[in-house]
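Understanding the architecture of this molecule
Take a look at the letters that make up each chain.
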Number of protein chains: 2
Amino acid sequence: MSDVPPKRRKTSARPYHHGDLRRVVLETAAAMVREQKTWQFTLREVARRAGVSHTAPYNHFADKGALLAELAMGGFDALRMALEASRPKRPGAFRDEYFAVARAYVRFGTENPGLYRLMFSQDVGYDVHMSERSVAAFGVMLELLARGQATGAIKKARLRAQAAACWAAVHGITTLCIEGLFEPAIVGKAPVDAALATLFEGLAP
Amino acid sequence: MSDVPPKRRKTSARPYHHGDLRRVVLETAAAMVREQKTWQFTLREVARRAGVSHTAPYNHFADKGALLAELAMGGFDALRMALEASRPKRPGAFRDEYFAVARAYVRFGTENPGLYRLMFSQDVGYDVHMSERSVAAFGVMLELLARGQATGAIKKARLRAQAAACWAAVHGITTLCIEGLFEPAIVGKAPVDAALATLFEGLAP
DNA sequence: ACCTGAACACCGTTCAAGT
DNA sequence: ACCTGAACACCGTTCAAGT
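Residues numbered from 1 in each chain as written. Chains lettered and ligands numbered in written order. Predicted model: local features only at pLDDT ≥ 70, side-chain atom pairs only at ≥ 80, totals over all residues. Heavy atoms only, no water.

What about the protein's contact with DNA strand C?
Using the following cut-off: A single heavy atom is enough: if one lies within 4 Å of a molecule or strand, its residue is considered near that molecule or strand. N or O atoms closer than or at 3.5 Å make up a polar contact, with two conditions inside protein: a donor-capable atom paired with an acceptor-capable one, and, for residues adjacent in sequence, both atoms drawn from side chains. Helix numbers and strand numbers start at the N terminus; a helix is a DSSP run of H or I with at least 4 residues, a strand a run of E with at least 2. The nonpolar class holds Ala, Val, Leu, Ile, Met, Phe, Trp, Tyr, Cys and Pro. Asp, Glu, Lys and Arg form the charged class, and all remaining residues, Gly among them, are polar.
Inspection of the region around DNA strand C gives 21 residues, with Arg44(A), Thr55(A), Tyr58(A), Ser53(B) and His60(B) positioned closest. Of all DNA strand C atoms lying within 4 Å of any protein atom, the proportion belonging to sugar or phosphate reaches 50%. In this structure, Thr42(A) approaches DNA strand C through a side-chain N or O atom, which is 3.3 Å from a sugar or linking oxygen. In the model, a phosphate oxygen of DNA strand C is placed 2.8 Å from a nitrogen or oxygen of the Tyr58(A) side chain. In terms of residue count, helix α2 (residues 43-50) of chain A provides more of the surface near DNA strand C than any other element does, 3 residues in total. Along the lines of polarity and charge, the residues of the surface near DNA strand C split into 6 nonpolar, 10 polar and 5 charged.

Printed below as a string of C-alpha cells:
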C-alpha cells in the first residue's frame, strides 16, 4: 500500500525517476530568479531544490547558458503578453493607449527585475535577442506606433526608427527603476510618467 | 650588479614587495574589464597578472565588491569628464550642445561596455549610485538642461524630471547599443541619432 | 604594515557507471 | 533514456604564519 505511484505525487520524497525534470528545472530556476531578484542562481542549488543530483539537469540542458537562454525566451513571451493585455478593450485616445502600453512595459520590468535583467544581459546572446519570440515583443511596439501614424495621432516617420526611440526610452526608464536610480530623492517625484510624457511630446505630429 | 632595485622597475620579475599594490590591482582589474568587455573577472586572475599571491589584494580591498565599487566610481568620474569635454568650446545653438553631450554619453558606453555595465549593475549597490562622484555625472545633464531652459531653447519644466527623462533615454539607447540590440537589422539605420532627435523634439517649448 | 600558503566551502562540467 | 557519484579544475574568502 505504500507503493510510490510512478508519477505525479506532491508528497513523493526522493525515490522516483521524475519523468518531468526538464520542466521542474525550468520552473525552479524561474522561481529562484523571482525570489532573489537576480539570475545569479546556482545550477547545483536548482538541482537541490528539485531533489535530484546536481548533474541531472545536464540531461535536459547542455549547460547553464542553455537554461538561461530558455528562461530569457520565456521572459520575452511574458513581456509580449503583458503588453498585449494592457491595451484598452474599447478604442479611445491614442495617448491613453500609448501610456497603457508604456506603463505595462515598465511595470513588467519592475515586477520581474531578475528576469528583465537576464533578458537584456550579455549572457544570453545574439540568438536569444534575434529569436522570433523576442522580436515579437518588439512587434507590439511597432504595431502600436503604426496605428498611431495611420490615424495621424503621431508624427509620420520611419517606423522602425521611431519604435527604436520608444523602446530605448521605456527600456532606459525600466532599468533605472530596477537599479533604484529613478527614486524621487534623485530625480524628483513621478519621474516615470514625466519621462513618458516627454517621450510622447517627441512623437507629436 | 644584478641587484633588484627596491621599487619601480618594469622588468623586475617577482621578488619585490610591491609598495604600490592597491593601484596596480585597480589598474589590472580595469584593464581586464576593458579587454573582456565584462566585469566578470576573477580576483585570482587579477592577482596572477599583478604577480602577487591571490590573497594579497585583500590587504587593500575588503572583498571583490569593494574593488568593483571603486572601479564603478572611477567610471562615473570618467563619464562626467567625457560629458564635460564634449561641450563645444564656443557657444552655439543649444541643439548642437545637446547632441554633442548626448552622443558623448552613448559613445562612452559603447567604448567602455564592461565598465558601463558595471556602473549600472546591481552588484555595485546603493552607496555607489548615491555617491558624490556618480551624482556629479548626472549633474552635467542637469546643468545642460538648466541652461537650455534659461535661454528658452527648451520647454520650462521641473528640471529634475526633465533631466530624468533625458537620462533614461540616453541610458536606454546606450545599453541597447552595448547589448547589440540597436543594430540596423532590427531598428533601421542611424537609430541613435533618430532616437536622440525624437527625444529633443519632446523637449521643445 | 604588508604578503604568502594552506585550507574551507563552494561552483560548473565531464564521465564512467548504474537502472 | 535518464539519473547518480566521483572527479577535475576552478572560485572567493579566512587565517595562521612569515618578513
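Quick word on the relation of the copies chain A and chain B
Basically, it comes down to this: Fitting of the copies onto one another was done by least squares over C-alpha atoms, counting residues only where both copies have pLDDT of at least 70. Working rule for contacts: check all heavy atoms of both residues, and any pair within 4.5 Å makes them a contact.
Once chain A has been moved 0.0 Å along the axis and rotated by 180 degrees, it coincides with chain B to within an RMSD of 0.0 Å. Here the transformation between the copies is reduced to the relation of a two-fold axis. Mapped onto chain B, 100% of the interface residues of chain A are again interface residues, and the two copies thus contact each other with one and the same surface.

Description of the protein's contact with DNA strand D
Residues in contact with DNA strand D amount to 19 residues; listed here are only the nearest, Ser53(A), His60(A), Arg44(B), Thr55(B) and Tyr58(B). Counted by atom, the contact set of DNA strand D within 4 Å of the protein is 49% sugar and phosphate. Leu43(B) is positioned with one of its backbone polar atoms (N or O) 2.9 Å from a phosphate oxygen of DNA strand D. At 2.8 Å, a side-chain N or O of Tyr58(B) approaches a phosphate oxygen of DNA strand D. Here the element with the most residues in the surface near DNA strand D is helix α2 (residues 43-50) of chain B; it accounts for 3 residues. Residue composition of the surface near DNA strand D, grouped by class: 5 nonpolar, 10 polar and 4 charged.

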